[in-house]
Amino acid sequence: MRELTQVRDAVMAAIRSAGLTALPAFPPERAKAYEGAVAAVAVGTVQGRALGLCDYLGETRDKETGAVRELYGKQLEGVVTVDVRGRRAADCEAGCETAAEALLGALPAGIRPGELCWEALAWERETGMFLRRGRLRCRALFTAESREDGGEFLDFILKGVVCN
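Scoring rules and cut-offs
Along each chain, residue indices are assigned from 1 in the same order as the chain's sequence is written. Where local features are concerned, this predicted model is filtered to residues with pLDDT of at least 70; where side-chain atom pairs are given and counted, the filter is 80 or more; whole-chain, interface and lining totals use all residues. Excluded from the side-chain calculation are hydrogens and water; included are all heavy atoms of the structure. Put simply, DSSP H or I for four residues or longer makes a helix, DSSP E for two residues or longer makes a strand, and each gets a number counted from the N terminus. For the exposure calls, accessible area comes from a 1.4 Å probe over protein chains only, and a residue counts as buried if that area is under 20% of its type's maximum, exposed if over 50%, partly exposed in between. Throughout, a contact is declared for two residues whenever any of their heavy atoms are within 4.5 Å. In short, Shrake-Rupley with a 1.4 Å probe defines the accessible areas, and a residue's cover is counted only from the protein chains shown. Only buried residues count toward a nonpolar core, which is a set of Ala, Val, Leu, Ile, Met, Phe, Trp, Tyr and Cys residues joined through side-chain atoms within 4.5 Å. To estimate the expected span of a helix, subtract one from its residue number and multiply by 1.5 Å. The directions considered for the arc run from the helix axis to the C-beta atoms. Two cysteine sulfur atoms form a disulfide, by the criterion used here, when they sit within 2.5 Å. Note on definitions: salt bridges are taken to be side-chain nitrogens of Lys or Arg within 4 Å of carboxyl oxygens of Asp or Glu. Ring pairs are drawn from Phe, Tyr and Trp, using the six-membered ring of Trp, whenever the two centres fall within 6.5 Å, and their geometry is named by plane angle: stacked under 30 degrees, edge-to-face over 60, tilted for the rest. Pairing of N or O atoms within 3.5 Å defines a polar contact, subject to two protein rules: one partner must be a possible hydrogen donor and the other a possible acceptor, and residues neighboring in sequence count only if both atoms are side-chain atoms.

1. What to know about the overall build of the protein chain
Looking only at helices and strands, the protein chain features two helices and eight strands. Element order for the protein chain, N to C, with α for helix and β for strand: α-β-β-β-β-α-β-β-β-β. Per-residue burial for the protein chain yields a buried fraction of 38% across its 164 residues. Taking the intrachain contacts of the protein chain between residues at least 6 apart in sequence as the baseline, contacts between residues at least 24 apart amount to 63%. Accessible surface for the protein chain amounts to roughly 9,200 Å². Of this, 50% is attributable to carbon and sulfur atoms.

Dropping the structure here:
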């Protein structure tokens, strides 16, 4: 599902902007290649909900061309997992604080953070690193517009994210 990748990438970008290395969640051994703490991000459980009538939100006018397009919306509720690993406990704790700040205050407008909870700091034998697992309940909002010719609509894009 393309929407899940958009959420994961937006969360990783927010964590990176806060100064912490962020990677897709697998494999955990990749964390060993970095100095300091590393956050591994994945999107866990997800539920979709319709917005409007069959995702239809109304019409919007293109500011440049004046063309009218139909606007559709989608909402996903889910859990983003963030595993922070570090060679030292202090690195792991500092990385956890940085990640928490990013998750609660630096996500794009389309991701609405809810409850954030962290497990206790633990030693992970598999990687030989300290680990602190976090889970963020959130709601992600996506919009899509119809093409100018009135045919099919474009892909759903996470609200508040500019795509190239």
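2. Observations regarding the nonpolar core
Within the largest apolar cluster, 29 residues are counted, with the highest numbers of intra-cluster contacts made by Val11, Ile15, Val82 and Ile111. Sorting the residues of this core by element identifies α1 (2-17), β2 (38-50), β4 (68-86), α2 (89-105) and β7 (129-145) as the ones contributing at least two each. Broken down by element, the residue count for this core peaks at six residues, all from α1. Those residues in contact with Ile15, other than ones at most four positions away along the chain, are Leu20, Ala22, Ala39, Val41, Val82, Ala102 and Leu103.

3. A short note on α2
In this model, α2 (17 residues) spans 24 Å end to end at C-alpha, consistent with the 24 Å of a helix rising 1.5 Å per residue. Every buried residue of α2 is accounted for by Cys92, Gly95, Cys96, Ala99, Ala100, Ala102 and Leu103. On an axial view of α2, the arc spanned by its buried residues comes to 165°, and they lie on one face. The outward face of α2, more than 90 degrees from its buried face, is lined by the exposed residues Glu97, Glu101 and Gly105. Where the residues of α2 are buried, they touch α1, β4, β5 (111-118) and β7.

4. Observations regarding the state of the cysteines
Linking two cysteines covalently via their sulfur atoms produces the bond known as a disulfide. One pass over the full model with this rule turns up zero disulfides. Not part of a disulfide, Cys96 finds its nearest cysteine sulfur in Cys92, a span of 6.8 Å. Looking at Cys96, the relative accessible area reads 4%, which means it is buried.

5. Digging into α1
The terminal C-alpha atoms of α1, which comprises 16 residues, lie 22 Å apart, in line with the 22 Å expected from a rise of 1.5 Å per residue. Residues Glu3, Gln6, Val7, Ala10, Val11, Met12, Ala14 and Ile15 constitute the buried set of α1. Just past α1, the residue Gly19 takes up positive phi, approximately 105°.

6. Section: the pattern of salt bridges
Under the defined criterion, the tally for this structure stands at seven salt bridges. Note that Glu3 and Lys74 form a salt bridge whose closest N and O atoms lie 3.1 Å from each other. Pair noted here: Glu3 is in helix α1 and Lys74 is in strand β4, with a separation of 71 residues, a long-range link. For the pair formed by Glu3 and Lys74, the shared burial category is buried.

7. Details of the packing of aromatic side chains
Under the counting rule described, the total for this entry stands at one aromatic pair. Relative to Phe130, the ring of Trp123 lies with its centre 5.0 Å away and its plane at 75°, an arrangement referred to as edge-to-face.

8. A closer look at the environment of Thr98
Within the fold, Thr98 resides in helix α2. Along the primary structure Thr98 and Arg16 are separated by 82 residues, whereas in three dimensions their C-alpha atoms are 9.6 Å apart. Leave out the neighbours within four places in its chain, and Thr98 touches Ala18 and Leu20.

9. Quick look at the environment of Lys74
A residue is classified by how much of its surface remains accessible, and Lys74, at 18% relative accessible area, is buried. For Lys74 and Tyr56, which are 18 residues apart along the polypeptide, the C-alpha to C-alpha distance reads 9.1 Å. Reaching out from Lys74, the side chain makes a polar contact with the side chain of Glu3 at a distance of 3.1 Å.

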